[in-house]
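# Observations on the model geometry
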Amino acid sequence: MTEPDSPSSPPVPVAIVTGASRGVGRALAAQLLAAGARVLTLQRRPDPGLAGPGLEAWACDLSDPRPVAERLAQWIAALPPASVASLSLINNAALMAEPGELGPADPAELSAAVRVGLEAPLLLSAAFLRASAGLDPVPRRLMHISSGLGRRAMAGAASYCAVKAGLDHLSRVIALEEADKPNGARSVSIAPGIIDTDMQRQLRSADPQRFAAQPQFAGFKAHGQLDSPEGCARKLLAYLARADFGAQPVADIRDAG
């Protein structure tokens, strides 16, 4: 089979997905691969069950994002332009500190959550923009997986709310900076809805004495209100492919037509 970056191959979509070892990230990577894309995944431990001729998986620590961003810039810069139909970065990886009030929270957990959820997307986005600037006229898109909690504060989830609010504002800034550039990158920070992931399990199994919203999250599961990672990934990729992607730098998948 012809390698994805062979000069004789037609150009294909190229996507970078963080946090692709499970949940929505894994579903995104699997569906991109199934559609014929070349996919680079970044996660602490790659899933050996995720495979395909277009897959490259890096085992990396996004709580120490600077060397990962530097490596990504080199990887993007080495892409043969004629092999790339489009280039996308999906900042999906996130950590949640143990639910509970901020004061007693573990400082190490808080630091890791902010570094993985916000510092890493910031540095990876900068590397993406810098290294891909010469790929004109290849469309470039950044999708940051945000949350309704980035727009509505919830007691007991300070680091998660702060990270997601930061992603929303990061997307707004990128959109402003890229708006008037030839072939400027498009950026969207998107809330994906409520999904049955490990993070949801963490929330609904939290101590209700420390996390007052625990019954609400348990109710989402009990009443069948959670989307599957696969269903969510399909919606996100459909949004990524929209002709008007980036028209609104902050979006909610539940509002998408």
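Preceding this paragraph is the structure being described.
Residues numbered from 1 in each chain as written. Predicted model: local features only at pLDDT ≥ 70, side-chain atom pairs only at ≥ 80, totals over all residues. Heavy atoms only, no water.

A word on the layout of surface pockets. Taken as a whole, the second largest pocket holds about 250 Å³ of empty space. Lining the second largest pocket are 13 residues, with P13, S86, S88, L240 and A241 sitting closest to its centre. Residue assignment for the lining of the second largest pocket shows that the elements contributing at least two residues are β1 (12-18), β4 (84-91) and α7 (229-240). Of the residues belonging to the lining of the second largest pocket, the class tally is ten nonpolar, two polar and one charged. (1 Å grid on protein atoms, 1.4 Å probe; cavity = no way out; pocket = protein on both sides within 12 Å on 5 of 7 lines; lining within 4 Å. Points joined across faces, edges and corners; volume = space filled by probe spheres on them. Helix = DSSP H or I, 4+ residues; strand = E, 2+ residues; numbered from the N terminus. Nonpolar A, V, L, I, M, F, W, Y, C, P; charged D, E, K, R; others polar.)

Next up on the list: the packing of helix α3 (residues 107-132) against helix α4 (residues 158-178). Look at α3 against α4: their axes get within 9 Å of each other, and the N-to-C directions meet at 15°. As summarised for this structure, α3 and α4 are arranged roughly parallel, according to the angle between their axes. Of the two elements, α3 crosses α4, and the hand of that crossing is right-handed. Where α3 approaches α4, its residues L110, A113, V114, G117, L118, P121, L122, S125 and L129 are matched on the opposing element by S159, V163, G166, L167, L170, I174 and E178. Per-class residue counts for the contact of α3 with α4 are eleven nonpolar, four polar and one charged. (Axes fitted to C-alpha atoms, helices over the stretch in contact; angles between N-to-C directions. Parallel < 35°, antiparallel > 145°, perpendicular 65-115°, else oblique. Left-handed = near helix turned anticlockwise from the far one by under 90°. Contact = heavy atoms within 4.5 Å.)

Attention now goes to the pattern of salt bridges. Tallied over the entire structure, the rule returns nine salt bridges. When the shortest N-O distance is used, the salt bridge between R140 and E178 registers 3.5 Å. Placement of the pair is R140 in strand β5 (residues 140-145) and E178 in helix α4, with a sequence separation of 38 residues. Each member of the pair, R140 together with E178, is buried. (Salt bridge = Lys/Arg side-chain N within 4 Å of Asp/Glu carboxyl O. Buried < 20%, exposed > 50% of the residue type's maximum accessible area, 1.4 Å probe, protein only.)

Attention shifts here to unusual backbone geometry. For the bond running from D136 to P137, omega is 10°, close enough to zero to count as cis. Its place among the elements puts P137 in the loop between α3 and β5. A positive phi is found at N183, a non-glycine position, where the angle reads about 55°. Within the secondary structure, N183 is located in the loop between α4 and β6 (186-191).

For β5, the buried fraction is high: six of the six residues fall into the buried class. Here β5 shows two buried faces, one formed by R140, L142 and H144 and the other by R141, M143 and I145. Where β4 lies against β5, five bridges are found, and the strand directions are parallel. Looking at β5, one finds that S88 is bridged to R141. Following the chain from β4 across α3 to the adjacent parallel β5, one finds a crossover that is right-handed. Sheet topology note: the β5/β6 ladder contains five bridges and is parallel. Bridge pairing in β6 links L142 to S187. Following the backbone out of β5, through α4 and into the adjacent parallel β6, one traces a crossover that is right-handed. (Pairing = 2+ DSSP bridges. Right-handed = clockwise from strand over helix to strand, strands pointing away.)

An order of β3-β2-β1-β4-β5-β6-β7 is seen for the seven strands of this open sheet, with the pairing classed as parallel. The two strands at the open ends of the sheet, each matched to only one other strand, are β3 (55-59) and β7 (250-252). Across this sheet, the average inter-strand angle for adjacent strands is 20°, counted without regard to direction. Judged from the three bridges that link them, β6 and β7 form a sheet pairing that is parallel. Paired with I190 across the two strands is A251, which belongs to β7. The sheet strands contacting α4 are β5, β6 and β7, and the helix crosses β5 at an angle near 165°.

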